[in-house]
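Below are the chains, spelled out letter by letter.
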Amino acid sequence: MTDPAYLRLGLPPTASPQTVLRAAVRALHPDTRAVRSFRTARKRFYLQMLCAHAAQQAAGDNPTG
């Protein structure tokens, strides 16, 4: 099962990991990005998005279609 947060990014499987990270950063509210104590949670979120993207690439699925 694909992460719903990853699906909301709307990225094609051919997107680079850097593009995934940029989209994940933009998906978070600026206030959430500004809180220093959320740093570990943000890193975990970014890692989850990269893992979900790698899984989509391995499966050859298109999350936007």
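Caption draft 1: Just the packing of helix H2 (residues 17–27) against helix H4 (residues 39–59), in detail. One can describe the packing of H2 onto H4 by two numbers: an axis separation of 10 Å at closest approach and a directional angle of 135 degrees. With respect to H4, the element H2 is oriented oblique. The handedness of the crossing between H2 and H4 is right-handed. Packed against H2, whose contacting residues are Pro-17, Val-20, Leu-21, Ala-24 and Val-25, the element H4 presents Phe-45, Tyr-46, Met-49, Leu-50 and His-53 at the interface. Across the contact of H2 with H4, the residue classes tally to 9 nonpolar, 1 polar and no charged.

Caption draft 2: Spatial organisation of the nonpolar core. Residues Tyr-6, Leu-9, Leu-11, Ala-24, Phe-45, Tyr-46 and Met-49 are the most contacted members of the largest nonpolar core, which totals 13 residues. Listed by contribution, the elements that provide at least two residues to this core are helix H1 (4–9), H2 and H4. A total of 4 residues in this core trace back to one element, the largest contributor, which is H4. Those residues in contact with Phe-45, other than ones at most four positions away along the chain, are Ala-5, Ala-24 and Leu-28.

Caption draft 3: Inspection of the environment of Phe-45 at higher detail. Secondary-structure assignment places Phe-45 in helix H4. With relative accessibility at 18%, the residue Phe-45 sits in the buried group. Through-space distance from the C-alpha of Phe-45 to that of Ala-5 is 9.3 Å; in sequence the pair is 40 residues apart.

Caption draft 4: Structural context of H4. When the terminal C-alpha atoms of H4 are compared, their 30 Å separation across 21 residues agrees well with the 30 Å that a helix rising 1.5 Å per residue should span. Once H4 ends, the next one or two residues include Gly-60, with phi positive near 75 degrees.

Caption draft 5: Quick peek at H2. Val-20, Ala-23 and Ala-24 are the residues of H2 that are buried. Around the axis of H2, the buried residues are gathered within 100 degrees of arc, so they sit on the same side. In this structure, the buried side of H2 is in contact with H1 and H4.

Caption draft 6: Layout of the environment of Leu-9. Mapped onto the fold, Leu-9 is located in helix H1. Owing to a relative accessible area of 14%, Leu-9 belongs among the buried residues under this scheme. Counting along the chain gives 14 residues from Leu-9 to Ala-23, while the straight-line C-alpha distance between them is 6.3 Å. Not counting residues up to four positions away in its chain, the partners in contact with Leu-9 are Val-20, Ala-23, Ala-24, Ala-27 and Met-49.

Calculation criteria
- Residues numbered from 1 in each chain as written.
- Predicted model: local features only at pLDDT ≥ 70, side-chain atom pairs only at ≥ 80, totals over all residues.
- Heavy atoms only, no water.
- Axes fitted to C-alpha atoms, helices over the stretch in contact; angles between N-to-C directions.
- Helix = DSSP H or I, 4+ residues; strand = E, 2+ residues; numbered from the N terminus.
- Parallel < 35°, antiparallel > 145°, perpendicular 65-115°, else oblique.
- Left-handed = near helix turned anticlockwise from the far one by under 90°.
- Contact = heavy atoms within 4.5 Å.
- Nonpolar A, V, L, I, M, F, W, Y, C, P; charged D, E, K, R; others polar.
- Core = buried A, V, L, I, M, F, W, Y, C linked by side-chain atoms within 4.5 Å.
- Buried < 20%, exposed > 50% of the residue type's maximum accessible area, 1.4 Å probe, protein only.
- Expected span 1.5 Å × (residues − 1).
- Arc of directions from axis to C-beta.

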